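Take a look at the letters that make up each chain.
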Amino acid sequence: MIWFLLLLAADPAAKTDALIAKYHELGLFNGSALVAENGQAILRKGYGEANMEWHIANTPDTRFRLGSITKQFTATLVMQLVEKGLIDLNAPVQRYLPDYPKVVTIHQLLNHTSGIPGYTELPAFGRDARRPQKPAEFMKMFSGLELLFEPGTKFSYSNSGYFLLGVILEKVTGKPYEELLRERIFDPLGMKESGYDSTRPIVEKRAAGYDATLDGYFNTGYLDMGEPFAAGSLYSSVDDLLRWDQALYGEKILSAASKEKMFTPGLSNYGYAFTIHKGAVTTIEHGGGINGFNTVISRDIEPKRLYVLLNNTGGAPLNEIVTGLRAILDGKDAAMPKIPAAPVLYKTWKASGIAAVMEQWKSMLAGGVYDVRDGELTRLAGTLLGKGKTADALELAKAAEAMAPKSVGVAMLMGQVQAAAGHRVEAVQAYARAIDLSDTPRAFPMLTNAIWELSKN
C-alpha cells in the first residue's frame, strides 16, 4: 500500500485518473477523458458506460455529441474561405443571404456581438425540437426577431449566429456543411472518429445520451440534429480532439494570421468560437451542452497542455474537473469533489418530508462533507416542482435565495415555483429580478415571454 501511495503522489497519470475516478464515483462524470502535454497523452481513459442498457463501457475512441465545441469547426471553415477571398469578415450577412432582414457582419456572428437572439432560448425551440427542418426554414424562427442591442456594442452568446454561418458556408460553396467539414478538416487531419451526428447513419462506438436525475438515469429526449446544425451538431472522440489540438499549432488547416484573428479576445474574452484567458498561461477553451451530453476542450498554450472531457450524462461539472487537472499538472494538490447534497436530501424527503430535509440541510452546512452550494437546493427544488410538490419546492427555493440572492438561476427558479403556486405577482417580480441580475441579455427572450404570459392573465 505504501508503494502505491508514493506512486500516486509522484505520477501525474495516476493522480489525474484518481481525480476523475472520484467524480465518477460520486455520479458527477460519466464519459471519456484525455489529458496531454506537448501532444503526448498523460491520461486517455473512459469512465462509466457509453450504453447503459447494454453495459458497454466508455473508451478513448467512443464518439460523443460535442454540442457547442462544434462552433470552432464552423469558425475554421469560415476563416478558410476568408483566406480564399470568398468571405469578408466585415461584410454584412446580406452580401451572402440577400433576404436576411438584419444588418450584422460575419465578424459579429463569429464573436457573438450581433445581438441576434439565440434560438435555443426561445419558447418555440422546445416545441419544434423533434421536427426535421431545412436550414432556410428553421431560420424563420429567429430571423425576424428584434435585435437585443446595437450590433457590435455588447456580447450575447447566440446559437442563431453560428446557425447563420452554416447557411452562409453552404451558400458560398454550394456544398453541404457536413461535406465541407469532411473535405476541409476531418479528412486532412485523419479525424476518422468525428462527423455530423445525424441519427440515420450507423456510427461505430456512438455513445447514447442520458439525463442524470435524482430518480436515476433516463434516456435523453430526442433532438433532430438539423436544428443544432453549425452551432452544435458534431460528434467526436477525445483521441480525435487531440489531433485537432495539434493541428491548431500548425498551418495545415489555418494560416497563422487566421489563427491570430480567431484567438484574439473581444468582448467577454471571446474570440471566434473560443474563450481566451490571458495571464501567466494563455488558455483557449470552449464547452458544449446538448441533450444528454456536455463537453469541454481546454488548451494551455505554453506549456502545451490539453484537457478534453466528454460526458454522456449531461450537466457534469467539467470546468471544475479541468481546474483540478490543471492543478495536478502544475504540481499542486487538486481539490477533491464533495458528496452532492441533493441526492441525499432527496432520499430524506421521500422518507420523512420537507421538514426533515431542512433540518438535514442545516447539519450539512456545518459538516464540511457535502457539497452545499445553492445549486444542490435548486436541483432538489426543480425535481419536487416537476412532481407537483410546489409548496416544498417553494421552501427550498426560498432557502436557495437566502444563500445566493444575486444568482440568476435561483431567481429564475423562484419565478417558476411562484408561477406554479399561482402567485403571479411574485413570479413576475422573480423573473424581472433575474433580468436585472443578468450581465448579458442572453436569457431575455425566455424571461420576457414568461412575464408577458403571466401578466396577460
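(A) Region of interest: the overall build of the protein. When you go through the protein residue by residue, the secondary structure sums to 20 helices and 15 strands. Against the globule reference of 23 Å for 457 residues, the protein gives a C-alpha radius of gyration of 23 Å, in line with a compact fold. Summarising its shape, the C-alpha atoms of the protein cover approximately 70 × 65 × 45 Å along the three principal directions. Evaluated residue by residue, the protein yields a buried proportion of 52% over its 457 residues. Taking the contacts inside the protein whose residues are at least 6 apart along the sequence as the reference set, 65% of them involve residues at least 24 apart. Only carbon and sulfur atoms are counted for the fraction: they give 54% of the accessible area of the protein, which is about 20300 Å². Of the side-chain charges in the protein, 48 are positive and 49 negative, and the distance between the mean point of each set is 2 Å.

(B) Quick look at the pairing of strand E1 (residues 31–37). Among the seven residues that make up E1, six are buried, leaving the element largely enclosed by the rest of the structure. For E1 and strand E2 (residues 40–47), the ladder comprises seven bridges, and the chain directions are antiparallel. Bridged to Glu37 within E2 is Gln40. If you look at the hairpin formed by E1 and E2, you'll find two residues sitting between the two strands, and Asn38 has a positive phi there, around 55°. Pairing analysis gives seven bridges linking E1 to strand E13 (residues 305–311), with the strands arranged antiparallel.

(C) Inspection of the side chain of Ser237 at higher detail. With respect to the helices and strands, the residue Ser237 is situated in the loop between strand E9 (234–236) and helix H11 (238–247). Relative accessible area serves as the criterion here: at 0%, Ser237 is assigned to the buried category. From its side chain, Ser237 meets the backbone nitrogen of Asp240 in a polar contact 3.1 Å long.

(D) Up close: the confidence of the model for the protein. For the protein, the mean per-residue pLDDT works out to 92, and 93% of the residues sit at or above 70. Across residues 1–9 the pLDDT falls below 50, and counting only partners more than four positions away or on other chains, this stretch makes four contacts in the model.

(E) Spotlight on helix H9 (residues 177–189). For H9, with 13 residues, the first-to-last C-alpha span of 17 Å sits near the 18 Å given by 1.5 Å per residue. Of all the bends in H9, the greatest, near 35°, is centred on Glu183. All of the buried residues in H9 are Tyr177, Leu180, Leu181, Ile185, Phe186 and Leu189. The inward-facing, buried residues of H9 abut helix H3 (70–83), helix H8 (159–173), strand E6 (195–196), helix H10 (229–232), E9 and H11.

(F) Just helix H14 (residues 341–352), in detail. With twelve residues, H14 extends 16 Å from end C-alpha to end C-alpha; this agrees with the ideal 16 Å at 1.5 Å per step. Along H14, the positions that sit buried rather than exposed are Ala341, Ala342, Leu345, Tyr346, Thr348 and Trp349. End-on, the buried residues of H14 take up no more than an arc of 165°, which puts them together on one face. The outward face of H14, more than 90 degrees from its buried face, is lined by the exposed residues Lys347, Lys350 and Ala351. Buried residues along H14 sit in contact with strand E14 (339–340), helix H15 (354–367), strand E15 (370–371), helix H16 (374–386) and helix H17 (390–403). Backbone geometry just downstream of H14 places Gly353 in the positive-phi region, at approximately 95°.

(G) Highlighting the packing of aromatic side chains. According to the stated counting rule, one finds 16 aromatic pairs in the structure shown. Between Phe73 and Trp244, the ring centres sit 4.3 Å apart and the planes meet at 35°, which makes this aromatic pair tilted. Of this pair, Phe73 sits in helix H3 while Trp244 is found in helix H11, placing the two residues 171 residues apart along the sequence. The same class applies to Phe73 as to Trp244, namely buried. Note on Tyr157 and Tyr270: the rings are 6.3 Å apart at their centroids and 85° apart in plane angle, and the pair reads as edge-to-face. One end of the pair, Tyr157, is in the loop between helix H7 (140–143) and H8; the other, Tyr270, is in the loop between helix H12 (256–262) and strand E10 (275–277), with 113 residues separating them in the sequence. Residue classification places Tyr157 among the buried residues on the basis of a relative accessible area of 13%. One aromatic cluster in this structure is built from Tyr119, Phe138, Phe142, Phe163, Tyr177, Tyr196 and Phe229. The ring of Tyr162 has Lys71 lying over it, and the distance from NZ or CZ to the ring centre is 5.9 Å. The positively charged end of Arg299 is found above the aromatic ring belonging to Tyr249, 4.6 Å away from the centroid.

Reading guide: rules and limits
- Residues numbered from 1 in each chain as written.
- Predicted model: local features only at pLDDT ≥ 70, side-chain atom pairs only at ≥ 80, totals over all residues.
- Heavy atoms only, no water.
- Helix = DSSP H or I, 4+ residues; strand = E, 2+ residues; numbered from the N terminus.
- Rg over C-alpha atoms; globule rule 2.2 N^0.38 Å.
- Buried < 20%, exposed > 50% of the residue type's maximum accessible area, 1.4 Å probe, protein only.
- Contact = heavy atoms within 4.5 Å.
- Areas by Shrake-Rupley, 256 points an atom, 1.4 Å probe, with all protein chains shown as cover.
- Lys, Arg positive; Asp, Glu negative; His and termini not counted.
- Charge placed at Lys NZ, Arg CZ, Asp CG, Glu CD.
- Pairing = 2+ DSSP bridges.
- Polar contact = N/O pair within 3.5 Å; in protein donor to acceptor, adjacent residues only side chain to side chain.
- pLDDT = per-residue confidence, 0-100.
- Expected span 1.5 Å × (residues − 1).
- Bend = angle between axes of the 7 residues up to and from the residue.
- Arc of directions from axis to C-beta.
- Phe/Tyr/Trp six-rings, centres within 6.5 Å; stacked < 30°, edge-to-face > 60°.
- Lys NZ or Arg CZ within 6 Å of the ring centre and 35° of its normal.

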